[in-house]
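# Secondary and tertiary structure notes
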Amino acid sequence: MISEASVRRAINHLGAFGDTDLFPRLPEMRCFLERPGTTAKDCESLNIGQYAPVGAVETLTPKSWLGFRIAHQLAAADNVIYLASLLDCAPNLEAARLPKEGNEAFAYRFAEGESLRIFEAARGFHQWLAYLSEFGGPENPFAEDRPAILTDISDFYQRIYFHRIENVLQDAGCPKGPSDLVKKIIKTSRARQSYGLPVGSTASRLLAECLLNDTDMLLKNMGVKFTRYVDDFRIEVPAGVEAHSILCRLAEHLMVTEGLSLNVTKTKMTSVKEIRRSSKGRLQDVFTSAEMERMKALITLNYGEEDEPKDEDMIANPLISAEFLLDRLDEIGDKKGIDLSVFKAVLRALRFLPGIDAMRLLEKHADLLYYVPREFCLVLSAASKQEGFPVQSVKARVRELLAMSPYADLAYVRSWLLYLFVDGSLPVSLADWQFYDFNRSVIERRSHFFFRGLANDRPFFRALKTQLGSLSEWDKPAALMAGMCLPFDEYKHWLADAARQINSPFAATYTAWLRDNHGKLGQLLSEPHEPVCTDL
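This text gives an overview of the structure that appears in the document. All values derive from a computational prediction rather than experimental measurement. (Residues numbered from 1 in each chain as written. Predicted model: local features only at pLDDT ≥ 70, side-chain atom pairs only at ≥ 80, totals over all residues. Heavy atoms only, no water.)

### Some remarks on the nonpolar core
In terms of nonpolar packing, the biggest core is built from 174 residues, with Leu 93 and Leu 197 touching the most fellow members. At 12 residues, the largest contribution of residues to this core is made by helix H4 (residues 76-95). If near-sequence neighbours (up to four positions away) are discounted, Leu 197 is found in contact with His 72, Tyr 82, Tyr 157, Ile 160, Ile 165, Ile 186, Arg 190, Ser 204, Leu 207, Ala 208 and Leu 211. (Core = buried A, V, L, I, M, F, W, Y, C linked by side-chain atoms within 4.5 Å. Buried < 20%, exposed > 50% of the residue type's maximum accessible area, 1.4 Å probe, protein only. Helix = DSSP H or I, 4+ residues; strand = E, 2+ residues; numbered from the N terminus. Contact = heavy atoms within 4.5 Å.)

And the structure:
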């Protein structure tokens, strides 16, 4: 059904770069990392008629200072199948796109081979800004005086019609089995609507790009110079052509053919010169060009591919330091006048530096936690591994923020704060959580299981053994993993019974992996996810 090569590459990619660029890692993903061969065999024998995807967790996430979007996290098993299926389709989908050399469709170009990277390097958002700084080309010295159009698509991922997904897969000549699996997962994850892709996954990025093939070809055939980063367009207006004519044809095509519309608030007339200027200055509201080059030398600021910091990365850099970055944050008055990508860049850089002052970050810049909780909490996690980390002070502040608006209002923010306890960055004491409502979201219920397991709460799991069938398919993997605090013989018998109660093509593989890792819960939750070379 799915090729072994695609399954292994999907697993390695998810292990190296995470199952989404939004949510905390799912601990059960480690099972697939350690048993890719067994997982591949399960996928090979997958019966699409019997396969029932679990469905996605949906939650509101900040998109900008005043904007939001719905984001999705797929279950670990579904994520492996979704990406592996798309990888079987990827060569066909990439072949249907405009050639990458023209840079019209800039982002997420599929890279064939066995690399951990699914997409070609040097095609992230910051590389696109660098390309835009030379937009128009040196071959025409008068080009920068020409008018240009800046626009993007309104709610792109959420508004993609399902029948267009079917058409794209079919038109590209993608293999039927993997195509059917892709469609089934998307249908299940978007059960409440007949449109939209799961937001946040690598597979969705690859598929979304191909849904704009016809749009790219329309602009190409009109003879205009343009470039696109996902749904963000920059179009140069040729001499003798009316800009509104281009906009009209683009808007009509998107509405009639794709069921999409341009974002009115982000559509405006500009000039090639202004596109160049704004692209060069995008990050210079906070840092000079030289300072940004130093940060780029420290980490890669592209589509979220930053690796887990390792010991050898924690080196004193004479050109940039944690104190320098925090000082610069302190100097900023109104943060809302600056693009959020700047703060993401700062927090990503902080993770790789020694001397992170966690309390300074929590006390002076807690507002960033609401807008970029992933990057913020990963910095705290990195700080927890450094000497002199004030554990109790950070723990008290994190628990305080969990109960404080607006942080407490977003399940997405709460999930990241709780993950600091799940991954061992902060110690778990059940007495601290007696009055916390873990039933507010799926992610919080799962965190509750891990809290109980880390606290070695055997009575809780003994009572849970008879209730496993009543849990959701999202809850079962977490409950079973957390239950390994039980004595081995007792745990082994529970797993044998549980394997029949999990609606997953990987049920036998997962319960066998849990049995073999009995007693290692803290290690499984705290160690970074990395691909493991094994034939299992």
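Text resumes after the structure shown.
### Description of the sheet that holds strand S4 (residues 225-229)
If you walk across this open sheet you meet the 4 strands as S4-S5-S3-S6, and the pairing is antiparallel. Looking along the sheet, the strands with just one partner apiece sit at the ends: S4 and strand S6 (268-271). Direction aside, the axes of adjacent strands within the sheet are offset by 25 degrees on average. The sheet contact formed by S4 and strand S5 (residues 232-236) spans 5 bridges and is antiparallel. (Pairing = 2+ DSSP bridges. Axes fitted to C-alpha atoms, helices over the stretch in contact; angles between N-to-C directions.)

### A few points about helix H23 (residues 488-498)
Note on helix geometry: an α-helix contains 3.6 residues per turn, so any two residues three or four positions apart are oriented the same way. By the burial criterion, the buried members of H23 are Glu 490, Tyr 491, Trp 494, Leu 495 and Ala 498. Projected down its long axis, H23 shows its buried positions confined to an angular sector of 130 degrees, all on one face. Among the structural elements, helix H21 (458-464), helix H22 (475-482) and helix H24 (507-516) are those in contact with the buried residues of H23. (Arc of directions from axis to C-beta.)

### Brief notes about the packing of aromatic side chains
Counting across every chain of the model gives 24 aromatic pairs. Aromatic pair Tyr 510 and Trp 513: ring centres 6.0 Å apart, planes at 25 degrees, arrangement stacked. Of this pair, Tyr 510 and Trp 513 both sit in helix H24, 3 residues apart, which is roughly one turn of that helix. Grouping residues by exposure puts Tyr 510 and Trp 513 together as buried. An aromatic cluster of three or more residues is present, and its members are Tyr 108, Phe 119, Phe 125, Trp 128 and Tyr 229. One residue, Arg 123, lies across the ring of Phe 106, its end atom 5.0 Å from the ring centre. Its guanidinium or amino end placed over the ring of Trp 433, Arg 399 lies 5.7 Å from that ring's centre, counting from NZ or CZ. (Phe/Tyr/Trp six-rings, centres within 6.5 Å; stacked < 30°, edge-to-face > 60°. Lys NZ or Arg CZ within 6 Å of the ring centre and 35° of its normal.)

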